[in-house]
Amino acid sequence: YCCQGGKPSEVVLLRSFTYITPLLLLVLLQVVASDGVRAMMESALTARDRVGVQDFVLLENHTSEAAFIENLRKRFKENLIYTYIGSVLVSVNPYKDLEIYTKNHMERYRGVNFYEVSPHLYAVSDNSYRSMRTERKDQCILISGESGAGKTEASKKILQYYAVTCPASEHVQTIKDRLLQSNPVLEAFGNAKTLRNDNSSRFGKYMDIQFDFKGAPVGGHIINYLLEKSRVVHQNHGERNFHIFYQLIEGGEEDLLRRLGLERNPQQYQYLVKGNCPKVSSINDRSDWKVVRKALTVIGFSEDEVEVRTNIAAACMTPTFHFFVRDETRIHVDVLVVLFQLLGVNGTVLTEALTHKKIIAKGEELMSPLNLEQASSARDALSKAVYGRTFTWLVNKINASLAYTDDSYKNWSVIGLLDIYGFEVFQNNSFEQFCINYCNEKLQQLFIELTLKSEQEEYEAEGITWEPVQYFNNKIICDLVEEKFKGIISILDEECLRPGDASDITFLEKLEDTVGGHPHFVTHKLADGKTRKVMGRDEFRLLHYAGEVNYNVNGFLDKNNDLLFRNLKEVMCMSENKILNQCFDREELTDKKRPDTAATQFKASLAKLMEILMSKEPSYIRCIKPNDSKQAGRFDEVLIRHQVKYLGLMENLRVRRAGFAYRRRYEVFLQRYKSLCPDTWPNWRGKLADGVATLVKHLGYKPEEYKLGRSKIFIRFPKTLFATEDALETRKHSLGESPQHVLLSLPTIGIQAWWRGILARRRAQRRRQAADTIRRFIKGFIYRHQERCPENEYFLDYVRYSFLMKLRRNLPKNVLDKSWPTPPAALTEASEHLRKMCMQNMVWTYCKRISPEWKHQMEQKMIASEIFKDKKDNYPQSVPKLFVSTRLNGEEINPKVLQALGTEKMKYAVPVTKYDRKGYKARPRQLLLTANCAIIVEEAKLKQRIDYKALKGVSVSSLSDGLFVLHVPSDDNKQKGDVVLQSDHVIETLTKVAICADKINNININQGSITFTVGQGKEGIIDFTPGSELLVAKAKNGHLSVTAPRLNSR
């Protein structure tokens, strides 16, 4: 059979050529099959101008960062998200689904040489698997990159690849399922929504996958690093707590929530709303809860264990656990009963432990009462300890389910997956970023050492002289952080342990005294004048391998200590909750040794991780985030340049290119390029090394351009390889006419002649059809302005059809999209009708979906936009946040106030801070809005009532502060003067005031200062200045001084 394009209509049975032998047919099929595989090998070389090179090592200008990024851009635009740097895979997150992870793709990469197919995650996975099987050496795959770059997805794809392609049995299938199902469980308890990523891993993870002698996965083990426990009690604006809390509230059954004492409203829980982002459009918490519940069952959790773990999660967010310290003299024990039941502790004992601290003095135990701030800190410390320890228990439980239990076979092979935080540089960098970047310094040190080591070993194995490579050795930075007695961690521990008034500032001063002369360490005190302008007095700067990072020392000592009061430990050790009882060991109470600090623990675990990685053969995946807005197809060059720098990719490329850019085994190189030399074409019968030497001599390679090893050829310059590739492309066109590559037998010549005749006739027919089409188009174009006639009807029909097809593909996506393709002259009127119909349909569809509540929300947002857009700094931050009907519930407003209001319906209430007219002392108040007036309340008293008719206007600054002034008539005896208030929700509050008072045009946004009436003809002034943080205080000149950060949003 001969076929063209694989279409059945083009298959012809060659009855006449009965003398084609089965052997000849087999040879022809083998040639076709092998060429098909080789056609994929380095195919991007011939299209490099359009899609770039698939290996950065082949960049001609390999030292240029611009050339590096341009190659990334070319490939990204063609949906080629993977590129190599030698054996390192660079992955760019596409932010969309690509059809490159199917089973067919897995089979395509299975068992194929690393460079024979285009770059892919599966190529790295398969290469590690085959190396483990053939060399019997443990492997590891290191995945790194910043949050949102796709590290977690990459690790999941690798697990899926092994689950599909590895041998399976009933036991093996169980392990595969558990390996895959461990991901949603760990993501639920260890991932959270951050500003950069809706599913950000807030812990580092190293997973070992164990394989038996058959290559089947039979077990696994997970090690977790540096869980971000502080997220349990605090989240930055726009971020969420861990996923599990929201999944439980949204997806939990009614009976479960009732038993746990929970409400299906995240706004009720202090720990869940600090970031003001309980809902995320890209996350379905309800369905994720079902996935997690199913995964826990697959992994092997019993119903009792799931119930107990759920109790702990509920306890960590129970509202009474958050608010009971507001009034230590009146603790609502009846409300706390659910919390005590969830934790399995005695309520009285826990209440005592959270409001008192046990002190041992001269052998006697004393109970010292805590103030509000100390009690709040104790509560938060307990929340973090409970969540952190139960997360470790969860990982250990998963490890127990993945453990290989067959004692008869211990010599399994291992592939490790390291999914760990990338280098982090934020506006404000704290203890967490310090630890994360220290981890990346160690990984970079390991990466360079192992890369150079593998290069040197390959050169020595091939008998090529090794040329030493100059590179930046970041050991000096690692020593600065971890050196015993002199390193930053040792100094931090010393400051945490010493008696006296140790603080974050004394720690900074100790750093200046100890490591102040280090070339990679700078503080405000030690810096030059230019550097001081961009550094705070409470910051120190480290010059990392990837760049400079300023660290704010505030909180370093507290986070490093990570201590829990002894009496709280005693209470938790007595817990009847089975999991908490395991997490809080009673031996801690008898152990007199002070526990290691957080930094020391992390340093020790990192040292163990380095030992693990050094014992394995590494592969690397570097993940890059193309933009911060998570948009498909958008390539942010500034952001990518930042990541290329912090991932050390240019340094990696420079090390890889220090020797030879390209190397291939003799058989691969000869098979691909043998047609370029008469002596090696069609077949070379001698030694492979001699054949390659003959080929490169014919191609005119200069001695400095290449070296021949024992089994490989090494080419130094990419231009040499490109010239060879271009020559091969030219040669392919002439091969069809060359008599040397065909079998000179009559059957072969007959088949060729017959087939060429068919192809020639088809080409002639296509050309005639093309000529007729072009002729009709030209004639139609000439007569296009005339009435419809035979000469132009084909052209006009095609123009109309093209416009309608283009319109179909480019219809507006929503009512705000005003784009519309330009119609041809003949369709102008029809186009306008279609445009109106399309808009009417979209408007009708949109309006039909709008609920009354959402309509009311949008009306308020429109008024807020009219008042504040492009005028006040913090307006853009308020846009995505929904306005609420009230900020105070009925329990927070004194019943006497509600009684005093009588029949007046309260439309809005919000807690505010009032500044006295004399002295500007801050006092907590409540602002209530009714249909007729605004009322300022102090506990049970109505302090001031301002009728809307008497309200002259409202003044607010253009900065990001929350201060505003309610102006009232100075001659009104009922009023004492203008009112100065501050609200945490100033945009929402003033919008409500403007609507209730019908004073939309009376909101004045001032720059610089606001003048207000104090009373009795006197005036006061509020001065507004931009600064680094919000500060309200009385100035020396008697004015109220407000310093507010500029958000650069207008």
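In this text, all values refer to a predicted model and were calculated from it rather than measured experimentally. (Residues numbered from 1 in each chain as written. Predicted model: local features only at pLDDT ≥ 70, side-chain atom pairs only at ≥ 80, totals over all residues. Heavy atoms only, no water.)

1. Describing the overall build of the protein
Next, step 1: Each helix and strand counted, the protein has 37 helices and 29 strands in total.
Next, step 2: With the C-alpha coordinates aligned to their principal axes, the bounding extent of the protein is approximately 115 × 90 × 65 Å.
Next, step 3: Going through the 1050 residues of the protein one by one, you find that 49% of them count as buried.
Next, step 4: Residue pairs at least 24 apart in sequence account for 63% of intrachain contacts in the protein once pairs closer than 6 positions are excluded.
Next, step 5: As displayed, the protein has an accessible area near 53,300 Å², and 52% of this comes from carbon and sulfur atoms.
Next, step 6: Averaging the positions of the 151 positive and the 127 negative side-chain charges in the protein gives two centres separated by 5 Å. (Helix = DSSP H or I, 4+ residues; strand = E, 2+ residues; numbered from the N terminus. Buried < 20%, exposed > 50% of the residue type's maximum accessible area, 1.4 Å probe, protein only. Contact = heavy atoms within 4.5 Å. Areas by Shrake-Rupley, 256 points an atom, 1.4 Å probe, with all protein chains shown as cover. Lys, Arg positive; Asp, Glu negative; His and termini not counted. Charge placed at Lys NZ, Arg CZ, Asp CG, Glu CD.)

2. Remarks on the state of the cysteines
Next, step 1: In total, this model carries 0 disulfides according to the counting rule given.
Next, step 2: Cysteine 439 provides the cysteine sulfur closest to cysteine 140, a residue in no disulfide bond, and the two sulfurs are 13 Å apart.
Next, step 3: Of all cysteine sulfurs, the one in cysteine 996 lies closest to cysteine 933, which takes part in no disulfide; the gap is 10 Å.
Next, step 4: Here cysteine 933 falls in the buried class, since its relative accessible area comes to 0%. (Disulfide = S-S within 2.5 Å.)

3. Focus: the domain arrangement of the protein
Next, step 1: In terms of domain boundaries, the protein breaks down into domain 1 (323–386), domain 2 (431–553), domain 3 (660–734) and domain 4 (854–1044).
Next, step 2: Distance between the C-alpha centres of domain 2 and domain 3: 46 Å.
Next, step 3: Taken together, the 9 residues of domain 2 in the interface contact 10 residues of domain 3.
Next, step 4: Of the roughly 780 Å² buried between domain 2 and domain 3, counting both surfaces, carbon and sulfur atoms make up 42%. (Domains from an automatic or database assignment. Buried area = accessible area lost by both parts, 1.4 Å probe.)

4. Regarding the packing of helix α3 (residues 65–77) against helix α26 (residues 637–646)
The description of two helices packed together rests on the angle between their axes and the distance between the axes.
Next, step 1: With their axes 11 Å apart at the nearest point, α3 and α26 run at an angle of 115 degrees to one another. For α3 against α26, the interelement crossing comes out right-handed. The residues of α26 that touch α3, namely those facing Glu65, Phe68, Ile69, Leu72 and Arg73, are Glu637, Ile640, Arg641 and Val644.
Next, step 2: Classifying every residue of the contact of α3 with α26 by side-chain character gives 5 nonpolar, no polar and 4 charged. (Axes fitted to C-alpha atoms, helices over the stretch in contact; angles between N-to-C directions. Left-handed = near helix turned anticlockwise from the far one by under 90°. Nonpolar A, V, L, I, M, F, W, Y, C, P; charged D, E, K, R; others polar.)

5. Concerning the nonpolar core
Within soluble globular proteins, side chains that are nonpolar tend to cluster in buried spots.
Next, step 1: With 104 residues, the main nonpolar core has Tyr162 and Phe245 as its most contacted residues.
Next, step 2: By residue number, the principal contributor to this core is helix α15 (residues 372–402), which donates 13 residues.
Next, step 3: Grouped together as the second largest cluster of nonpolar side chains are 91 residues, Cys140, Tyr206, Leu418 and Val692 included. (Core = buried A, V, L, I, M, F, W, Y, C linked by side-chain atoms within 4.5 Å.)

6. A closer look at the sheet that holds strand β23 (residues 963–967)
Next, step 1: Pairing within the open sheet is mixed, and its 8 strands lie in the order β21-β20-β19-β18-β24-β23-β22-β25. Among the strands making up the open sheet, the edge pair consists of β21 (941–947) and β25 (1003–1006). The mean angle between the axes of side-by-side strands here comes to 35 degrees, regardless of whether they run parallel or antiparallel.
Next, step 2: The pairing of strand β18 (residues 906–915) with strand β24 (residues 979–982) spans 3 bridges and is classified as antiparallel. What sits directly across from threonine 913, in β24, is glutamine 982. (Pairing = 2+ DSSP bridges.)

7. Quick word on the packing of aromatic side chains
Next, step 1: Counting across every chain of the model gives 31 aromatic pairs.
Next, step 2: Cluster of aromatic residues (ring-pair linked, three or more members): Tyr101, Tyr109, Tyr122, Tyr129, Tyr161, Tyr162 and Phe211.
Next, step 3: The cationic tip of arginine 622 hangs over the ring face of phenylalanine 447; the distance from NZ or CZ to the ring centre is 4.4 Å.
Next, step 4: The lysine or arginine in question, arginine 784, covers the ring of phenylalanine 781, its NZ or CZ lying 3.8 Å from the ring centre. (Phe/Tyr/Trp six-rings, centres within 6.5 Å; stacked < 30°, edge-to-face > 60°. Lys NZ or Arg CZ within 6 Å of the ring centre and 35° of its normal.)

8. Looking at the side chain of glutamate 239
Next, step 1: Note on placement: glutamate 239 falls in the loop between β7 (217–225) and α8 (243–251).
Next, step 2: Accessibility expressed as a relative area gives 8% for glutamate 239, which makes it buried.
Next, step 3: Within the local environment of glutamate 239, its side chain forms a polar contact with the backbone nitrogen of leucine 195, the two atoms lying 3.3 Å apart.
Next, step 4: Among residues more than four places away in sequence, those in contact with glutamate 239 are Lys193, Thr194, Leu195, Arg231, Gly275 and Cys277. (Polar contact = N/O pair within 3.5 Å; in protein donor to acceptor, adjacent residues only side chain to side chain.)

9. Regarding helix α25 (residues 598–614)
Next, step 1: Between its first and last C-alpha, α25 extends 24 Å over 17 residues, near the 24 Å set by a 1.5 Å rise per residue.
Next, step 2: Every buried residue of α25 is accounted for by Ala598, Ala599, Phe602, Leu606, Leu609, Met610 and Leu613. Along the axis of α25, the buried residues cluster in a sector spanning 110 degrees; they form a single face. More than 90 degrees from the buried face of α25, the exposed residues found are Lys608 and Glu611. (Expected span 1.5 Å × (residues − 1). Arc of directions from axis to C-beta.)

10. Digging into the environment of serine 454
Next, step 1: Among the secondary structure elements, serine 454 is positioned in helix α16 (residues 431–462).
Next, step 2: Residues serine 454 and arginine 641, 187 residues apart in the sequence, show an inter-C-alpha distance of 27 Å.

11. Here we look at a nonpolar patch on the surface
Next, step 1: There is a patch of nonpolar side chains on the surface, built from Ile774, Ile778, Ile782 and Tyr783 and spanning about 390 Å² of accessible area.
Next, step 2: Tracing the chain through its elements places isoleucine 778 in helix α31 (residues 746–782). (Patch = residues over 30% accessible without salt bridge, like charges linked within 9 Å, V, L, I, M, F, W, Y side chains within 5 Å. Salt bridge = Lys/Arg side-chain N within 4 Å of Asp/Glu carboxyl O.)

12. Observations concerning the sheet that holds strand β29 (residues 1040–1045)
Next, step 1: If you walk across this open sheet you meet the 4 strands as β26-β27-β29-β28, and the pairing is mixed. Of all the strands in the sheet, the pair left with one neighbour each is β26 (1009–1015) and β28 (1031–1034). Strand after strand, the sheet turns through a mean of 20 degrees between neighbouring axes, direction not considered.
Next, step 2: As judged from the 6 bridges shared by β26 and strand β27 (residues 1018–1027), these two strands associate in the antiparallel manner. Looking at β27, one finds that glycine 1015 is bridged to lysine 1018.

13. Focus: the environment of isoleucine 223
Next, step 1: Inspection of the secondary structure puts isoleucine 223 in strand β7.
Next, step 2: Distance from isoleucine 223 to methionine 207, taken between C-alpha atoms, is 6.4 Å for residues 16 residues apart in sequence.
Next, step 3: Setting aside chain neighbours within four positions, we find isoleucine 223 in contact with Gly204, Lys205, Tyr206 and Ile612.

14. A look at the pairing of strand β1 (residues 82–85)
Next, step 1: Neither face of β1 is left uncovered, since the one carrying Tyr82 and Tyr84 and the one carrying Thr83 and Ile85 both have all their residues buried.
Next, step 2: Judged from the 4 bridges that link them, β1 and strand β2 (residues 88–92) form a sheet pairing that is antiparallel. By the bridge assignment for β2, tyrosine 84 is matched with leucine 89.
Next, step 3: Connecting β1 to the antiparallel partner β2 that follows it, the hairpin turn spans 2 residues, and glycine 86 within it adopts a positive phi of roughly 65 degrees.

15. With respect to unusual backbone geometry
For residues other than glycine, phi is negative in most cases, and the peptide bonds are mostly trans.
Next, step 1: Positioned with a positive phi, phenylalanine 485 is a non-glycine residue whose angle comes to about 70 degrees.
Next, step 2: By the secondary structure assignment, phenylalanine 485 is in the loop between α17 (475–482) and α18 (488–497).
Next, step 3: Of the residues examined, phenylalanine 485 reaches a relative accessible area of 66% and is grouped as exposed.
Next, step 4: If you check the backbone angles, lysine 630 has positive phi at about 60 degrees while not being a glycine.
Next, step 5: Tracing the backbone through its elements, the reader meets lysine 630 in the loop between β14 (617–624) and α26.

16. Section: the environment of isoleucine 312
Next, step 1: Structurally, the position occupied by isoleucine 312 is in helix α11 (residues 303–315).
Next, step 2: Along the sequence, isoleucine 312 and leucine 580 sit 268 residues apart, while their C-alpha atoms lie 8.3 Å from each other.

17. Quick look at the confidence of the model for the protein
Next, step 1: Considering every residue of the protein, the mean pLDDT works out to 83; 90% of them sit at 70 or more.
Next, step 2: In the model, residues 319–335 has pLDDT below 50 throughout and makes 37 contacts with residues more than four positions away in sequence or in other chains.
Next, step 3: pLDDT under 50 marks residues 739–744. Its contacts with residues more than four places away, or in other chains, come to 9 contacts. (pLDDT = per-residue confidence, 0-100.)

18. Focus on the pattern of salt bridges
Next, step 1: According to the stated counting rule, one finds 39 salt bridges in the structure shown.
Next, step 2: One salt bridge in this structure joins glutamate 254 and arginine 264, with 3.0 Å as the shortest N-O distance. Taken together, the residues span a long stretch of sequence, with glutamate 254 in helix α9 (residues 254–260) and arginine 264 in the loop between α9 and α10 (285–299) at a distance of 10 residues.
Next, step 3: Arginine 379 is the partner of aspartate 380 in a salt bridge, and the nearest nitrogen-oxygen pair spans 3.1 Å. Comparing aspartate 380 with arginine 379 shows no difference in burial state: the two are buried.
Next, step 4: One network of salt bridges, in which partners are shared, links Glu65, Glu70, Arg73, Glu637 and Arg641.

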